Each structure stands twice: as structure tokens, then as C-alpha cells.
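# Architecture at a glance
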Amino acid sequence: MNNTYYVCHGPDAVHYVESDEASTMTSGQPNIEQFDNEQEAVARAEELGYVFTIEEEPLEDLEP
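Residues numbered from 1 in each chain as written. Predicted model: local features only at pLDDT ≥ 70, side-chain atom pairs only at ≥ 80, totals over all residues. Heavy atoms only, no water.

We now examine the confidence of the model for the protein chain. Chain-level pLDDT for the protein chain is 88 on average; 86% of the residues reach the 70-or-more range. For the protein chain, the element scoring lowest by mean pLDDT is helix H2 (residues 59–62), at 53; strand E3 (residues 31–35) scores highest, at 97. (pLDDT = per-residue confidence, 0-100. Helix = DSSP H or I, 4+ residues; strand = E, 2+ residues; numbered from the N terminus.)

Okay, structure coming up:
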């Protein structure tokens, strides 16, 4: 299954969303950027100020 990653942002908010191909996504934010590559999406979200919590850390970061 292929995942799509979204970084949604506006003047005071940044959201990071991971979605499978069976799902749809909408946002109230004025800017929605779509990525096929998780690392690029994570980098963009962090660039915009998004802070990942332990529960949402990208899988690659948790591997030993």
C-alpha cells in the first residue's frame, strides 16, 4: 500500500498527515503540500515549525 504525506499550513498552524491510498484528506488550512516521500514531507513540516511528538515520530527515526 502506498502512503501519501501532507503538510498543511497557514499563518498560525502546521499539520502533518499520513494517509493511505484508500483515504481522502481535507484541511481548513490555506496551503496543502502533498508528498510521496515521507522524508521530504517530514523535512518540510519541520522547516515550517512542526514538532513531532514521540507517538508520531517517523518510523525510520525509531529503528535501532
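Whenever strands of a sheet pair, they do so through backbone hydrogen bonds, lying parallel or antiparallel. Spatial ordering of the open sheet is given by E2-E1-E3, a layout of 3 strands whose pairing is antiparallel. Either end of the sheet is taken by a strand with one partner, and the two such strands are strand E2 (14–20) and E3. Neighbour-to-neighbour, the strand axes of this sheet turn through a mean angle of 20°, independent of strand direction. As judged from the 5 bridges shared by strand E1 (residues 3–9) and E3, these two strands associate in the antiparallel manner. Bridging across to E3, Tyr5 finds its partner in Phe35. (Pairing = 2+ DSSP bridges. Axes fitted to C-alpha atoms, helices over the stretch in contact; angles between N-to-C directions.)

Among the residues making up helix H1 (residues 38–47), those that are buried are Glu38, Ala41, Val42 and Ala45. End-on view of H1: buried residues confined to an arc of 100°, all on one side of the axis. Residues of H1 that are exposed and angled more than 90 degrees away from the buried face: Gln39 and Glu47. Where H1 begins, one side-chain oxygen reaches toward the backbone nitrogen of Gln39, 2.9 Å away; that side chain belongs to Asn37. Just downstream of H1, Gly49 is the residue with a positive phi angle, here 105°. (Buried < 20%, exposed > 50% of the residue type's maximum accessible area, 1.4 Å probe, protein only. Arc of directions from axis to C-beta. Polar contact = N/O pair within 3.5 Å; in protein donor to acceptor, adjacent residues only side chain to side chain.)

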